Amino acid sequence: MSSGVLELLRTLVLNPCSLAAVLVVHLLTRWQHSTWLRLLNPLELSPTWWVAGYIAVRIALLGFVDSLCWVVGPKLPRLPTRDGQKVVYQHKINFLDVSYLFLNSIIEFVFAQQIAFLILESPLILRTTRDLGVFNAAVAIWLLLVLDDMLYAPMHRLMHHPALYRWVHKHHHRNTYPARGYVDAANEHPVEQVVALSLHWIAIHMVAHSVGLHVVALGAHFGIKALGACFNHTGFDLQFRMLGIDYSVRAHEMHHRKPNYNFAQYVMFWDQLMGTYQPYEHGRDGRLA
C-alpha cells in the first residue's frame, strides 16, 4: 500500500470530521433503511435528487454568491491593510480544511432544504403577492438582520472563551487577514456552523411571530447573509450603514486581527452594548481610520 494511501487512511481515522463525512455518504447509500435521515431530507427527495439539489446549492453559493464578490469586489477600494506591497499571509488549505468545508456544505444544504420546507409548508410564511406588505417584507428583513446578530454576537463571544476556543472556533482564526471569500468564510468547525444556522432559524421564527414574514424577505435575508459572509473574508472595503444596520468588512477584519472585539456581523450596536466594539485601525501602527 502506498504511503499516500496510508497517510489518507491515518488522517481519516484521526479526523472526526472526516469520519462524519464518510458516515453521511454511507447513510446516503442506505437511504431506505434510515428513517432518521428525514432530518437530512425534509423534502423527501430521492438519493439522486438529493445529490442534484446539493450540487445546485453549491453552484448557487460558489457560482453566484461567491462569484458576485469577485465581480463587484475589484470595483471597490481595497482595505488599507491590503494596499501595501507585502502580500498578507494565507495558510495553505489542508485536508482538515477540505473535510470541514465538505461537511459544512452538507450542513448548508440540509439547512437550505429546511428553509425550502418552511417556505412550501409552514403557515408562518406568506407567499402570494397579495400578502406582500411593508411589515412582512422591509421591516422583516431589517428585523431578521438585527435579531440574528442579537443572538449570534453573544454566542460568537462565548466561542472565544478560553475553555471553548481551541476546540471549535480557533480553526476559523488561522488567517489574520482572510482573503478567499467563501472558502475562508465557510472554513469553520461544523459545530460552529450548526450553532450559527440554528440561531438563524430562531430569528426567522421570532420575526414570523412578531411582524409576519413574507417569502421575499426570507429569501432576501438569506442572500444578504451569504454575500455579507463572503465579503467579510475578502480584502474589499465594502461598507453599508442604514437604520442601525452597520455592516463593513473593516469591522470583521478587526475581529480577525483582534479576536476579542467585533463579534457581530451586521449590527455593531450589539458589540457597543457588550463593550466589545473596536474601530478600524489602518495597520500595525494602530492609527484609526
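Worth saying up front: this structure is predicted, and the values here are computed from it rather than measured.

Criteria and thresholds
Residues numbered from 1 in each chain as written. Predicted model: local features only at pLDDT ≥ 70, side-chain atom pairs only at ≥ 80, totals over all residues. Heavy atoms only, no water. UniProt positions renumbered as here; feature names shortened; annotations may be inferred. Helix = DSSP H or I, 4+ residues; strand = E, 2+ residues; numbered from the N terminus. Core = buried A, V, L, I, M, F, W, Y, C linked by side-chain atoms within 4.5 Å. Buried < 20%, exposed > 50% of the residue type's maximum accessible area, 1.4 Å probe, protein only. Contact = heavy atoms within 4.5 Å. Pairing = 2+ DSSP bridges. Phe/Tyr/Trp six-rings, centres within 6.5 Å; stacked < 30°, edge-to-face > 60°. Lys NZ or Arg CZ within 6 Å of the ring centre and 35° of its normal. Axes fitted to C-alpha atoms, helices over the stretch in contact; angles between N-to-C directions. Parallel < 35°, antiparallel > 145°, perpendicular 65-115°, else oblique. Left-handed = near helix turned anticlockwise from the far one by under 90°. Nonpolar A, V, L, I, M, F, W, Y, C, P; charged D, E, K, R; others polar.

Student: Can you walk me through the UniProt feature "transmembrane region" (unreviewed entry) in the protein chain in this structure?
Tutor: The positions UniProt marks with the feature "transmembrane region" (unreviewed entry) are residues 12–29, 49–73, 94–120 and 132–152. From the first C-alpha to the last, residues 94–120 spans 39 Å; its make-up is 96% helix and 0% strand. Secondary structure content for residues 132–152 is 86% helix and 0% strand, while the C-alpha to C-alpha distance between its ends is 28 Å.

Student: Explain the nonpolar core here, please?
Tutor: Generally speaking, soluble globular proteins have nonpolar side chains that are buried together. In this structure, I204, V207 and L213 are the most contacted members of the largest nonpolar core, which totals 51 residues. When residues of this core are traced back to their parent elements, those giving at least two are α3 (47–72), α4 (95–121), α5 (135–159), α7 (182–186), α8 (190–210), α9 (215–232), β4 (245–248) and α10 (249–257). Ignoring sequence-local partners within four residues, the contact set of V207 consists of A140, L143, L144, L147, G212 and L213.

Student: Would you mind showing me how to read the pairing of β4 here?
Tutor: Look at any regular strand and the pattern is simple: side chains alternate between the two faces of the sheet. Every second residue of β4 is oriented toward a common face, with I245 and Y247 on one face and D246 and S248 on the other, all of them buried. Examined bridge by bridge, strand β3 (residues 239–242) and β4 share four bridges and lie antiparallel to one another. Paired with R241 across the two strands is D246, which belongs to β4. The turn joining β3 and β4, which pair antiparallel and follow one another in sequence, is formed by two residues; a positive phi near 55° is taken by L243.

Student: Explain the packing of aromatic side chains here, please?
Tutor: Both the distance between ring centres and the angle between the ring planes are used here to describe each pair of aromatic rings. According to the stated counting rule, one finds eight aromatic pairs in the structure shown. When the centroid spacing of 5.4 Å and the interplanar angle of 70° are considered together, the rings of W70 and F236 count as edge-to-face. Of this pair, W70 sits in helix α3 while F236 sits in the loop between α9 and β3; the two residues are 166 residues apart in sequence, bridging distant segments of the chain. The class of W70 is partly exposed, set by a relative accessible area of 34%. On the numbers, 5.0 Å between centres and 65° between planes, the contact of F269 with W270 is edge-to-face. The structure contains a cluster of three or more aromatic residues connected by ring pairs, namely W50, Y54 and F109. Seen from the ring of Y280, R257 lies directly overhead, with NZ or CZ sitting 5.5 Å from the centre.

Student: Please clarify how the packing of α3 against α9 should be interpreted in this entry.
Tutor: Each pair of packed helices can be summarised by the angle the axes make with each other and by the distance between the axes. The geometry of α3 relative to α9 is characterised by a closest axis approach of 10 Å and an angle of 55° between their N-to-C directions. With respect to each other, α3 and α9 are oriented oblique. Relative to α9, the crossing made by α3 is right-handed. From α3, L61, V65, D66, L68, C69 and V72 reach across to α9, where they touch A226, L227, C230 and F231. Here the residues of the contact of α3 with α9 sort into nine nonpolar, no polar and one charged.

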